[in-house]
Amino acid sequence: MRGVFVAATLFGLMRIRVDYFAFLRERAGRAHETLDTGAATPRELYRELRERRPLPPGKGLKVAVNDEFRNWDWSLEDGDRVVFMPPVAGG
Amino acid sequence: MSDFRISADAIDQAAELAALEDTASGAVACFCGRVRNHNEGRAVAGLQYECYEELAVSEGARVIAEAKERFGASRVLCVHRTGDLAIGDAAVWVGVAAAHRNEAFAAARYVIDEVKKRVPIWKREHYPEGPAEWINAP
């Protein structure tokens, strides 16, 4: 596994964990996944995820990186945890 | 413990109220949001809440800090439920202790409004008939 990780890093890929909640969790068919990606931003990452999962368009979603709200053009780093959030509905 | 909490168990409103004790506060305002049996003209059988807990707790704490700063409230607490709730169950509780009633009402109103807008919590409605639906799903 470590060899795969080192190879991925050499090719400019980053290992990113993505968590899904609520409506997005159901659409993704899983609560989280880890992928090796060349996506530099949440915008690029979401585009890539939409090729693999039946996720809705990104408009109206919010983004968190490492448990902080971030914008769609935030620079991702290896090992980041990214969450795409549907519009909230608490209360 | 944070002044904003997520709870998988029923909210103990008497215990929350007791935690607001403050001899300098002459006013206490509480708001409780409960599960109602209808939404937008449709009968509702129950609700399920899910949250992104790490961010919900930090954003909820920011909302509470803002309420204290803006309205001069001395103590502000908020608890939000997760899991499966039945009609009539308390889904969210906000309590504010302040010197006077205006600050207490205003701060409580601010907290519930901002929590509904900003804190990453989602609800799924269950109906007597038909499949359950996530509210605000894109």
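About the thresholds
- Residues numbered from 1 in each chain as written.
- Chains lettered and ligands numbered in written order.
- Predicted model: local features only at pLDDT ≥ 70, side-chain atom pairs only at ≥ 80, totals over all residues.
- Heavy atoms only, no water.
- Pairing = 2+ DSSP bridges.
- Helix = DSSP H or I, 4+ residues; strand = E, 2+ residues; numbered from the N terminus.
- Axes fitted to C-alpha atoms, helices over the stretch in contact; angles between N-to-C directions.
- Contact = heavy atoms within 4.5 Å.
- Core = buried A, V, L, I, M, F, W, Y, C linked by side-chain atoms within 4.5 Å.
- Buried < 20%, exposed > 50% of the residue type's maximum accessible area, 1.4 Å probe, protein only.
- Disulfide = S-S within 2.5 Å.
- 1 Å grid on protein atoms, 1.4 Å probe; cavity = no way out; pocket = protein on both sides within 12 Å on 5 of 7 lines; lining within 4 Å.
- Points joined across faces, edges and corners; volume = space filled by probe spheres on them.
- Nonpolar A, V, L, I, M, F, W, Y, C, P; charged D, E, K, R; others polar.

Q: Got a minute to help me understand the sheet that holds strand β1 (residues 4-7) of chain B in this structure?
A: Strand-to-strand pairing in sheets goes through backbone hydrogen bonds, with the strands running parallel or antiparallel. Residues and elements named next belong to chain B. The four strands lie next to each other as β1-β6-β8-β2, forming an open sheet whose pairing is mixed. Edge positions in the open sheet fall to β1 and β2 (27-34), since each of these has one partner strand only. This sheet shows a mean twist of 10° between the axes of neighbouring strands, independent of strand direction. Strand contacts of helix α2 (residues 53-71): β1 and β6 (75-81), with the helix running at about 145° to β1, the strand carrying the most contacts. On top of the sheet, helix α3 (residues 101-118) reaches β1, β2, β6 and β8 (90-98); it is set at about 145° to β8, its chief contact.

Q: Help me out: how do you make sense of the nonpolar core in this one?
A: Considering soluble globular proteins, one finds that nonpolar side chains tend to be buried as a cluster. Phe4, Cys78, Val94, Val96, Val111, Val115 and Ile121 of chain B are the most contacted members of the largest nonpolar core, which has 34 residues in total. Going through the elements one at a time, β1, β2, β5 (46-51), α2, β6, β8 and α3 of chain B are the ones with two or more residues in this core. Ignoring any residue separated from it by four or fewer positions in sequence, one finds Ile121 of chain B in contact with Val88, Ala89 and Gly90 of chain A together with Phe4, Ile6, Tyr49, Glu50, Cys51 and His80 of chain B.

Q: When you look at the state of the cysteines in this model, what are you seeing that I'm missing?
A: Throughout this description, disulfide means a covalent bond between two cysteine sulfur atoms. Here the structure, examined in full by the defined rule, presents zero disulfides over all chains. Take Cys32 of chain B: it sits in no disulfide, and the sulfur closest to it among the cysteines is that of Cys30 of chain B, at 9.2 Å.

Q: When you look at the layout of surface pockets in this model, what are you seeing that I'm missing?
A: Where empty space is left becomes clear once a probe the size of a water molecule has been rolled over the atoms. Computed from the structure, the largest pocket encloses a volume of approximately 430 Å³. Lining the largest pocket are 22 residues, with Gly91 of chain A together with Arg36, Asn39, Lys123 and Glu125 of chain B sitting closest to its centre. For the lining of the largest pocket, the element with the highest residue contribution is β2 of chain B, accounting for three residues. Partitioning the lining of the largest pocket into residue classes produces ten nonpolar, four polar and eight charged.

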